[in-house]
Amino acid sequence: MRRNRELPARLQAVTPRVIVVDADRPEKPAISEAVTILRNGRLVAFPTETVYGLGARALDRTAVARIFEAKGRPAAHPIIAHVLDEDGAKKIAATWSDLASQLARAFWPGPLTIVAPKRAEISDELTGGGNSVGIRAPMHPVARALIAALGEPIAAPSANRFQQISPTLAAHVVKSLGDNVDLILDGGPCARGIESTVVSISETNEIHLLRPGSISIEALAKHAKVIYENQNATEGELRASPGMDAKHYAPRARLLIAAREDLAKLAAEKKVGVILQGNSAGFVAFATRVLPGDASGFATALFAALHDLDDLECDLILVEAPPSTDEWIAVRDRLTRASGH
Ligand code: TXA
Ligand code: MG
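Bear in mind the structure is a predicted one, so any value in this text is a computation, not a measurement. (Residues numbered from 1 in each chain as written. Chains lettered and ligands numbered in written order. Predicted model: local features only at pLDDT ≥ 70, side-chain atom pairs only at ≥ 80, totals over all residues. Heavy atoms only, no water.)

**A look at helix H7 (residues 141–150)**
Next up, step 1: Every buried residue of H7 is listed here: Val142, Ala143, Leu146, Ile147 and Leu150. The buried residues of H7 occupy an angular sector of 130 degrees when the element is viewed end-on, so they sit on one face.
Next up, step 2: Turning to H7, the residues buried within the fold contact helix H2 (28–39), strand E2 (44–46), strand E3 (53–57), strand E4 (81–82), strand E7 (154–155) and strand E8 (183–186).
Next up, step 3: In the stretch just after H7, Gly151 is the one whose phi turns positive, near 75 degrees. (Buried < 20%, exposed > 50% of the residue type's maximum accessible area, 1.4 Å probe, protein only. Helix = DSSP H or I, 4+ residues; strand = E, 2+ residues; numbered from the N terminus. Arc of directions from axis to C-beta. Contact = heavy atoms within 4.5 Å.)

**Brief notes about the pattern of salt bridges**
If the charged atoms of two oppositely charged side chains come close together, the side chains can form a pair.
Next up, step 1: One pass over the full model with this rule turns up 12 salt bridges.
Next up, step 2: For Arg334, the salt bridge goes to Glu195, with nearest N and O atoms at 2.8 Å. Taken together, the positions of Arg334 in helix H12 (residues 329–338) and Glu195 in the loop between E8 and strand E9 (197–201) put the pair 139 residues apart, joining distant regions of the chain. Here Arg334 and Glu195 have matching classes, each one buried.
Next up, step 3: Taken together, the shared-partner salt bridges connect Glu195, Asp333, Arg334 and Arg337 into one network. (Salt bridge = Lys/Arg side-chain N within 4 Å of Asp/Glu carboxyl O.)

**Points about a negative patch on the surface**
Next up, step 1: A cluster of acidic residues, Glu218, Asp294, Asp326 and Glu327, forms a negative patch at the surface.
Next up, step 2: Tracing the chain through its elements places Glu218 in helix H9 (residues 217–220).
Next up, step 3: By relative accessible area, Glu218 is classed as exposed at 61%. (Patch = residues over 30% accessible without salt bridge, like charges linked within 9 Å, V, L, I, M, F, W, Y side chains within 5 Å. Areas by Shrake-Rupley, 256 points an atom, 1.4 Å probe, with all protein chains shown as cover. Lys, Arg positive; Asp, Glu negative; His and termini not counted. Charge placed at Lys NZ, Arg CZ, Asp CG, Glu CD.)

**Overview of the sheet that holds strand E12 (residues 254–258)**
Next up, step 1: The strand order E12-E15-E13-E14 describes an open sheet built from four strands, whose pairing is parallel. Across the chains shown, the open sheet's two edge strands, defined by having one partner strand only, are E12 and strand E14 (287–291). Taken pair by pair, the neighbouring strands of this sheet meet at an average axis angle of 20 degrees, ignoring direction.
Next up, step 2: With four bridges joining them, strand E13 (residues 272–277) and strand E15 (residues 316–320) adopt parallel strand pairing. Bridged to Gly273 within E15 is Ile317. (Pairing = 2+ DSSP bridges. Axes fitted to C-alpha atoms, helices over the stretch in contact; angles between N-to-C directions.)

**Description of the packing of helix H11 (residues 295–311) against H12**
Next up, step 1: Where H11 meets H12, the closest approach of the two axes is 9 Å, and the angle between their N-to-C directions is 30 degrees. As far as their axial angle goes, H12 and H11 are roughly parallel. The way H11 lies across H12 gives a crossing that is left-handed. Contact residues: Ala295, Phe298, Ala299, Leu302 and Phe303 in H11; Val331, Arg334 and Leu335 in H12. (Parallel < 35°, antiparallel > 145°, perpendicular 65-115°, else oblique. Left-handed = near helix turned anticlockwise from the far one by under 90°.)

**Structural notes on the sheet that holds strand E5 (residues 112–117)**
Next up, step 1: Pairing is mixed across the open sheet formed by 11 strands, whose spatial order is E1-E8-E2-E3-E7-E4-E6-E5-E9-E10-E11. Each having just a single partner strand, strand E1 (17–20) and strand E11 (226–227) make up the two edges of the open sheet.
Next up, step 2: Sheet topology note: the E3/E7 ladder contains two bridges and is antiparallel. Of the residues in E7, the one forming a bridge with Arg57 is Ile154.
Next up, step 3: Across the sheet, helix H8 (residues 170–177) lies against E1, E2, E3 and E8, angled at about 160 degrees from E8, the strand it touches most.

In short, the description is geometric, and any link to function would need to be established separately.
The following block contains the structure:
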């Protein structure tokens, strides 16, 4: 059995089965083994360009129910169905608007999830009891090979316990889910590092942004008017997308967001981890992670940095406040949720 090369020795003993695959050309035997597990109604975690997904056959409601069990996730949270392309989407969507088609042509394969009316045969387990289904055609060769070999859509939320930080490495999946997952395909780090942008389309052909993510508002706005109402969603409010709970993506440690000059004062305390943008000029703390100063580079590295600082058992994680421009909206969203506000 092959083991995850990135995994700390202390985790090797408690791991689920992990197969290291070539991220660009996944080996056929590994994909076949994963397909066998999926056909048996079991769970396979796999890399996508955004984060690792916890996959099950989307058309098998018992298998989908197993995802909720493994994640400890409330049943009302819908799960994204992963397909290869628009043809795959049309097999599970009851209707597919011209704008959906335009967005799919512009952003698929890639990190955009389109919420569409569901076909009758799509189970309540997958949709969280609702009438719509979230659909995405991922770009990652391992995800695509798996969907192609299964010949059916794969249901996959992020491969972490409910409300924990999403995994961007196979080791994060092991840490969060342990042997609640039957197999992990380890294709190395996820290139985007932040989840897909989730949109629905209104009858008046506007794009409703349900979750900011890897595809920017600016890119979407080239196709139609973008409406984003969830900016200040708080626990208990009625929301279009249940994944918008205020507390989400949280590390174990308390997390605070502040301007750099304020961070310096707080960082003097005991086990404080600090995440900075661009440089660490003159900064002293228990643990410091310097992430790229641009929004997409920062997004790619953010979850791994949070996982790292949690592993070091920091009492407090301080994050330099990102700029308030639109391109940082997804990062600001995840950080605000991680801070529990
Ligand atoms: O990048 C991603 O989207 C990753 C990878 C694995 O594809 N998946 C992911 O899934 O982040 P999850 O379950 O952690 O988050 C899915 C988000 C949630 O905010 C959920 O509420 C929303 O998509 N969503 C899914 N189906 C929906 C639907 N039918 N209506 C409204 N929102 C939906
Ligand atoms: Mg998630």
